[in-house]
Structures are given as C-alpha cells and as structure tokens.
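Each chain, letter by letter, is given below.
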Amino acid sequence: MSGAALGLEIVFVFFLALFLLHRYGDFKKQHRLVIVATLLAWYLCFLIVFILPLDVSTVRNMQDIQLNCIKCVCKQKCFKPWSYIPDGIMPIFWRVVYWTSQFLTWILLPFMQSYARSGGFSITGKIKTALIENAIYYGTYLLIFGAFLYMNQLQTIGIAAANTWGLFLLVLLLGYGLVEIPRSHWNGAKRGYLLMKTYFKAAKLMTEKADAEENLEDIMEEVRKVSESIKYNHPLRKCVDTILKKCPTEYQERMGRNMDDYEDFDERQNSYPSEKSLAKLHKQVIYSVQRHRRTQVQWQILLEQAFYLEDVAKNESSATRQFVHTFHSQEPENKIIQYFYTPTVEWYWECLLRPWFCRVLAVVLATFSVIVVWSECTFFSTKPVLSLFAVFIQLAEKTYNYIYIEMACFLTIFFLSICVYSTVFRIRVFNYYYLASHHQTDAYSLLFSGMLFCRLTPPLCLNFLGLTHMDATISHKNTQPTAYTSIMGSMRVLSFIADGFYIYYPMLVVILCIATYFSLGTRCLNLLGFQQFMGDSEMTSDLIDEGKELIRREKRKRQRQEEGENRRREWKERYGNRDESTRSRAVHTDQKESSFSETNANRPLSKYTRSNGRTERDRIELLQDAEPLDFNADSVNDDPLESDSGRLQKRKLSVTGSVAGIQLGIRSWNY
C-alpha cells in the first residue's frame, strides 16, 4: 500500500479543483489557457493542503522506527501505516509543487491577466499589450533578482520575502474568516434574518443590473456608430466584425439591418477611428457584455432564493407537515431525489432540523476558531506547550496512533484553509475582482484568485507547522524535519524577521477577530457611502423595503405567467376531444358532398351545375381545419365559457351557411 494514499489524494484533489472551477468559470466561453492556468494554480494549492498531513505522519513514523526498532525497545511499534510514503518521493514532490506555484503566481498569471484583459485583435497584439503593462512589474523583479544574486542569497531571501508577504495577507484573511464563518452559519438558522438580507441584496442587485444595462446600451451605441462609419472594404472592417461577434445576438441583428455595405469608404470625407481606439472599444464591449450577463443570471438566482425563503416562512405553520412550493422548479429534478426527498422530508428538514443543524455547526466552528486564536498567540511557547494543536499531536505521538495524527493534522489545516480560502471567494473589490458562481466569473478574476491561492498556501502551511510544533525551529527539538520544511524553508529563514515579525504579527489576528465581530469594517464602508447590511441603519431599512417590493412585483409576474399556462393547458384538455369530433364530422360531410357531386356529374344536365361548387368545398375544408381559439390571459374576455359559446355559435353559422348553399345548388339544378 506504499504511496496508495498519495495517489488517491492526488486524484481526489484534481476533481475537487475541477468541480470548483466549473462552478465559477465557463469552460465553453473562456479561453482554454485561462482555464488550464487557473486549474493548475487551484490544484497545486489544494494538493499542498491535503498532502501535508501525510508528510507529517510519514516523518513521525520514520522517527519512531529509528528510536524503537533500532534500539529494539518494542518491536510491535515498528510498523508502517498504510499511508506511509517511501523515501525520496516527498522531496521531489514538494520541489515540483512549490516552484511551479511560485512561477505561476509571480510570472505567468500576471502576464495572462494582462493578456485576458487586452482588447487586441491578434495574439501578437495581446502579447505586446501584456508585456507593456507588465514592464514595470517584471523590471522590479529583475532588479531584485540582480541584488540577491550579488548577495549570493537569492533562494533564501526570495523564499523569506514570499513567505512574509503571504503571512501578512494570511492573517488579514484569517481574522475575518474565523469570525464570519461561524456567524454566517448561526445566522443561517434565522429565517427572518436571511429573508431580510435577501431583500437587501435584491435592491442592491437591481441597481447594479440597471447600471449594467445602461452601460451596455451606451457601448452598443458606440459600436453601432463605428460599424456604420467603417464599411465593408475598409482595412479595419475585420476588427469591427470581431467586435460585433462579442455583442449580444439582438444587437448584432439590429446593427446588421442598419448596415449599408454597398457604400464605399472615403478617407477624405469621414474621420475613421484608429486601431488603438477599436482595441479599447473591444475591451469595453467584453467587459460590459460579461457584466450584463452576470447581473441577469444573479438576479434570477436571487429571485429563486427569495421565493424559497418565503415558502419556508409560510410552511413553518403548516398543519399537514408537507412542504408546498409556490412555484414549480424550472429545472427537471432527479427522480431519485424526488423519491427520497419527499414533501414531508423536505418540511422536516427545512422547518425543523436545518435550523438546529446550523446552530450546532456554528458552535463547533466557533470552538475551532477560539482554539486557533489561542494557538496563534501561544505557539512560540514550548515550555510549557500552550498551543492546543501541538498538545493534541503530542498526545497522538505517545500512543503511536498515526491515523489520529493524520486526522488531527488534516482537520487543523483544513479548517485554516477554509477560513482563508472562503474569504478569497467572498471578497469583492468593486468590479475589479469578483468570484461569481454559476459560471459568471470573468477570466481576470479567475487568474487573480489563482495568484492569491499560490501566495497564501505556503505561509499557511508553515503557520500550521508552527501551531503544531512540527517545525524544529519553533519546537527547539532535535527532530527530523518534514520534507515540506526541507524544501520550502521554515519560519526562521532570516533571523531578524523570524524573531520579530513571525512571532508577534500572528497575534494581530485577535484584533482582527474583534473588529470583525463588531462589524467595524462594515460600518466604515457604510459611512463612506457603500451600502452594507446593518440592522440598525435607516438606509438598510429603506433598501429592505425596496427589495421586498421588487420581489413582490416579480412574484406577481411569475404567478400571472403560470396561471396563463395552466389555463391554456386546461383549455386543451377540456376541449381537445370536442375539436377532434368536430373534425371527424366535417370529414364525413365532405365525403357525402363529394359522392353527391359525383352522382350529379353522371347526369346529362351537368352543364347546369352551379358554378360555386368549388367555393362550397372550400367552405367545408375551412370547417374541417378549424382550430380552437387560444386563450389569452391578457385579453378583455377572460371567461372560457363565453369564448366557448361564441366559438360554437360561429360553427353553427358556418354549417347553416353551408347547408343553405347546398340547397340553393339543388334548386338551381332542378330549375
């Protein structure tokens, strides 16, 4: 079983990263290089988090073998767990993972960000734009590289600088996540709180949605003017066609109808835009179209959430204990889920069990947060050992329980990574950086998230090793270091940084947790004019009322649509058989008329046959093809019975007219 756990985790982490990227990115529309680079960055960072506990367990197992088996103290303790990784694999693995992630975060991903945002019309133009934008960025790197090369400490100082910058950002994100994650689950048990916050989001999103639509209209107007000025034989017409392909379909059709491509361009009459201005317009089109699409999708998702929360509030007082939805799901549900997740089960889960589950989970997460904060403030103390995570690991080492060591290490680093990574997914820097689910994240934000993950993961792992006293420079023990520490360095790469910054800066997490608990950042943003959800704010109350009215309006609109569809369905079910019988009678009448006309055709007085026989047959065919009138909910007459009686009267008049015509023909023939 050597290396089996490593192989399983490598495969599992790959599909985990692929699943998350599929949720936030769009594989069909975004460039493949963007998808591959982001997937590689996420995959390497998640892989470090999952593989590090195996590295710790392997090192502790090797250390116990050296102490016990060589001295023959206890041969029963000299066994290798199933997750044991053979010698020589982990150093190579960590070396490849670490330097690949550093290459991605400092060189490749910044270049691809500029490449993705460029409005160039060719690969060469995009590369040129990306190089110009990153000239200062890469020039600074070359200057630092030359200075470190002169000092002969390039690798040491480079690793220390990367870890210091990552630790600075790590503590900021960790202080927010340690408080916000337990609080969000605790508030998840409050239905009224969630509904009010959803109304607040609806009001803000409607404003953003209207702004995105207005911005798109302005950009499309500029595209229309450019498309009308640059004709089919202009050298820049290919650039205009590229811009038009990025526009929504309805705008493309509208612009296509207004084009007069038969006119030749004249450089002396009109002033045409340059290729640089077209590239800028191309960049604006990509941004505005993506933003408009994202707001539309988010609005529909928010409506579904609001409708569902309102249904939960209504069903809490249900006597039948069966969950009733106001609207049916627009997406087809899985039959297996429908079989097990019945309305009764859904009622018990949503109205009874889920609030308690959220509360219990919030208490557990809050306990972990307290342990992390305590350990961050006391991890440098070795005598006595005050870090609770270090105490747990040392207790497991005494019993040689390697599975417990792996589980304790995994839960610790997993909770730390959840607090940090969830903050990366939650934060939003205007429209510059925003990870939107349901395939609505742009390429720039995906690449930026990959950069953040690659910069945060190495210091996160080093901080974890310090909390558990797995770093020999922290525990002050002559123990075998992990393969991760031997390759990526430790917390004490440079003494003047390790003795001050690495010890006292993590204590700042206490101040950040207190600030997050009292929502100081939210209050500051609210004072600056950025509306935030605050229960004691008048602006928040106004936005909640506005969002409630918007949701109510959309709900009435959805109800009218469903009522119209139900009435049309009932109309077809009620009068479908009657229409079929009417058609059969019309066909039978046509057969009789045809046989009657054939009999008259064999008589000698056929020249006196009425001339309007063809017209009469046309009338019968019209009667045969008569269809029921479609019910329209928006029409003046909404009573289906009145519509039915009017339709039957028209049929009677038609049949009466047909019979009268036949009788007139017979009389003329007899005459």
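The model shown is predicted, which means the values in this text are computed figures rather than measured ones. (Residues numbered from 1 in each chain as written. Predicted model: local features only at pLDDT ≥ 70, side-chain atom pairs only at ≥ 80, totals over all residues. Heavy atoms only, no water.)

Observations concerning the UniProt feature "transmembrane region" (unreviewed entry) in the chain
As recorded in UniProt, the sites labelled "transmembrane region" (unreviewed entry) are residues 6-21, 33-54, 92-111, 131-151, 157-179, 356-374, 403-424 and 501-520. Segment residues 6-21 splits into 100% helix and 0% strand. End C-alpha atoms: 22 Å apart. (UniProt positions renumbered as here; feature names shortened; annotations may be inferred. Helix = DSSP H or I, 4+ residues; strand = E, 2+ residues; numbered from the N terminus.)

A few points about a nonpolar patch on the surface
On the surface, a nonpolar cluster with roughly 620 Å² of combined accessible area is contributed by Ile-337, Tyr-341, Val-345, Trp-349, Leu-352, Leu-353 and Phe-357. Among the elements that take part in the nonpolar patch, helix α12 (residues 343-378) stands out by supplying 5 residues, more than any other. Tracing the sequence through the fold places Tyr-341 in the loop between α11 (335-340) and α12. Residue classification places Tyr-341 among the partly exposed residues on the basis of a relative accessible area of 31%. (Patch = residues over 30% accessible without salt bridge, like charges linked within 9 Å, V, L, I, M, F, W, Y side chains within 5 Å. Areas by Shrake-Rupley, 256 points an atom, 1.4 Å probe, with all protein chains shown as cover. Salt bridge = Lys/Arg side-chain N within 4 Å of Asp/Glu carboxyl O. Buried < 20%, exposed > 50% of the residue type's maximum accessible area, 1.4 Å probe, protein only.)

Observations regarding the UniProt feature "coiled-coil region" (unreviewed entry) in the chain
The positions UniProt marks with the feature "coiled-coil region" (unreviewed entry) are residues 202-229. Secondary structure content for residues 202-229 is 100% helix and 0% strand, while the C-alpha to C-alpha distance between its ends is 40 Å.

Some points on the side chain of Ser-387
Inspection of the secondary structure puts Ser-387 in the loop between α12 and α13 (388-398). The exposure class assigned to Ser-387 is buried, which follows from its relative accessible area of 0%. Leave out the neighbours within four places in its chain, and Ser-387 touches Ser-375, Thr-378, Phe-379, Leu-467 and His-469. (Contact = heavy atoms within 4.5 Å.)

Overview of the environment of His-439
You can see His-439 is positioned in the loop between β2 (433-434) and α15 (443-467). A sequence separation of 409 residues divides His-439 from Gln-30, and the C-alpha atoms of the two residues are 10.0 Å apart. When residues no more than four places from it in sequence are discounted, the contact partners of His-439 are His-22, Arg-23, Tyr-24, Gly-25 and Asp-26. Of the polar contacts made by the side chain of His-439, one reaches the backbone oxygen of Gly-25; its length is 3.0 Å. (Polar contact = N/O pair within 3.5 Å; in protein donor to acceptor, adjacent residues only side chain to side chain.)

What about the packing of aromatic side chains?
As enumerated under the stated definition, the model contains 30 aromatic pairs in all. Ring plane angle 20° and centroid distance 5.7 Å describe the contact between Phe-168 and Tyr-505, whose orientation is recorded as stacked. Here Tyr-505 lies in the loop between α19 (501-504) and α20 (508-517) and Phe-168 lies in helix α6 (residues 154-187), a separation of 337 residues in the sequence. An angle of 65° between the planes, with centres 5.5 Å apart, marks the rings of Phe-200 and Phe-533 as edge-to-face. Note that Phe-200 is positioned in helix α7 (residues 191-229) and Phe-533 in the loop between α21 (520-527) and α22 (538-601), a separation of 333 residues in sequence. Aromatic ring contacts, followed pair by pair, group Tyr-24, Trp-42, Phe-46, Tyr-421, Phe-425 and Phe-453 into a single cluster. A cation over a ring is seen here: Arg-455 above Trp-106, with NZ or CZ 4.0 Å from the ring centre. (Phe/Tyr/Trp six-rings, centres within 6.5 Å; stacked < 30°, edge-to-face > 60°. Lys NZ or Arg CZ within 6 Å of the ring centre and 35° of its normal.)

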